[in-house]
Every structure is written in structure tokens, then in C-alpha cells.
Amino acid sequence: MSSSTRQRRWAKSPDFADRPDRVEAIATQTAIDKINYLDSGQHEVRCRRCGTCVLVRKNSYKHTSVQWQENPDAVCPTFRDSGVVPGASISPREGCPQLQASIDQAVLDGTINIPDAS
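Computed from a prediction, not measured in an experiment: that's the story for all the values here.

Undergrad: I'd like a rundown of the overall build of the protein chain, residues and numbers included.
TA: Per the secondary structure count, the protein chain includes 5 helices and 3 strands. Going from N to C terminus, the protein chain has its helices and strands arranged as α-α-β-β-β-α-α-α. Split into buried and exposed, the 118 residues of the protein chain put 18% on the buried side. In the protein chain, the share of contacts with a sequence separation of at least 24, taken over all contacts with a separation of at least 6, comes to 36%. Summed over all atoms, the accessible surface of the protein chain reaches about 9,100 Å², with 52% contributed by carbon and sulfur.

And the structure:
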């Protein structure tokens, strides 16, 4: 089978073009998943050093999701002064220790709750 034939036959997920009810059910569940995994449980945390504001969600003591509202290279001195050329590398880099300390303090203050592990 040629690669062009494989590409026409295979899809990562079916499009359900012949089942509009299924398309609607998938769209509804996708919207619910987006709220659950991306939007709910986020809290604003402001870095106590530089004032940068991020959205934070704690899923456990060890798992923290951080969504920057602006480019961290532009607003965070630690990122800006790291020596990494913005856009030059896709390698992950360490976060900002001052922001992490601010998040940890928000947990201690009760501003951010950590869900029960049970």
C-alpha cells in the first residue's frame, strides 16, 4: 500500500460525518473537558518579587499547572535574565524560583487548595 493510500484511509480519529448526533456529543464532551482540565480550579497568583501574575492550579502537592498570561521572557526577570534566547530552543527550562515560592505561600495561606488525594 502506498503512503498516499494510507493517508487517505487512516485518520487519527474518525470525523463521524455520517453521525451528526455523535459529532454533537463529542463537541459537548470536549467543552466539558476543556473546562475541567484547563479552566476550573485556577487561581491568580502574583509573584511577590516582580509582581507577574499567573494562573495556577494544584492537582496534588507535587503537580502544579501554571498558565502565564503574558510572555514570561518579557515579564519575569528570572526568565529574561536566564540567557536563553527566546524562541531559540524548545527544550524545557527551569521555572522561576521566586514564582514557585509565591505559589507555595499561596498554598500555605489557603488561597490555593490542593484536592484530596483519596
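Having seen it, we continue.
Undergrad: Break down the packing of aromatic side chains for me, with residues and values.
TA: Within this structure, the stated rule accounts for 1 aromatic pair. Ring geometry for W68 versus F79: centroids 5.3 Å apart, planes at 65 degrees, classification edge-to-face. Separated by 11 residues along the polypeptide, W68 in strand β3 (residues 64–68) and F79 in helix α4 (residues 77–80) bring together distant segments of the chain. For W68, a relative accessible area of 25% corresponds to the partly exposed category. When the ring centre of F16 is taken as origin, the NZ or CZ atom of R22, which lies over that ring, is 5.3 Å away.

Undergrad: How would you sum up the sheet that holds β3? Please name residues and give values.
TA: Reading across from one edge, β1-β2-β3 is the order of the 3 strands in this open sheet, with antiparallel pairing throughout. Of all the strands in the sheet, the pair left with one neighbour each is β1 (43–46) and β3. On average, each strand axis in the sheet is tilted by 40 degrees relative to the strand beside it, whichever way the strands run. In this structure, β1 lies alongside strand β2 (residues 53–58), joined through 4 bridges in antiparallel fashion. When the bridges of β2 are listed, E44 appears paired with L55.

Undergrad: Lay out the pairing of β3 in plain terms, naming residues and giving numbers.
TA: Bridge count for β2 against β3 is 5 bridges, and the pairing is antiparallel. From the neighbouring strand, K58 faces β3, where its bridge partner is T64. Linkage of β2 to β3, two consecutive antiparallel strands, is achieved through a turn of 5 residues.

Undergrad: Help me get a handle on helix α5 (residues 97–109), residues and values and all.
TA: Along its 13 residues, α5 runs 18 Å from first to last C-alpha, staying within 8% of the 18 Å computed at 1.5 Å per residue. Among the residues making up α5, those that are buried are L99, S102, I103 and A106. Looking straight down α5, one finds that the buried residues subtend no more than 100 degrees of arc, so they occupy a single side. Exposed and oriented more than 90 degrees from the buried face of α5 are P97 and L108. Lining the buried residues of α5 we find β1, β2 and β3. Just past α5, the residue G110 takes up positive phi, approximately 85 degrees.

Undergrad: Go over the pairing of β2, please, and point to the residues and values.
TA: Across the 6 residues that make up β2, a large majority, 6, are buried. Every second residue of β2 is oriented toward a common face, with C53, L55 and R57 on one face and V54, V56 and K58 on the other, all of them buried. In textbook terms, the turn of a hairpin is the stretch between consecutive antiparallel strands, and for β1 and β2 this stretch comprises 6 residues, one of which, G51, has a positive phi near 90 degrees.

Cut-offs used in this document
Residues numbered from 1 in each chain as written. Predicted model: local features only at pLDDT ≥ 70, side-chain atom pairs only at ≥ 80, totals over all residues. Heavy atoms only, no water. Helix = DSSP H or I, 4+ residues; strand = E, 2+ residues; numbered from the N terminus. Buried < 20%, exposed > 50% of the residue type's maximum accessible area, 1.4 Å probe, protein only. Contact = heavy atoms within 4.5 Å. Areas by Shrake-Rupley, 256 points an atom, 1.4 Å probe, with all protein chains shown as cover. Phe/Tyr/Trp six-rings, centres within 6.5 Å; stacked < 30°, edge-to-face > 60°. Lys NZ or Arg CZ within 6 Å of the ring centre and 35° of its normal. Pairing = 2+ DSSP bridges. Axes fitted to C-alpha atoms, helices over the stretch in contact; angles between N-to-C directions. Expected span 1.5 Å × (residues − 1). Arc of directions from axis to C-beta.

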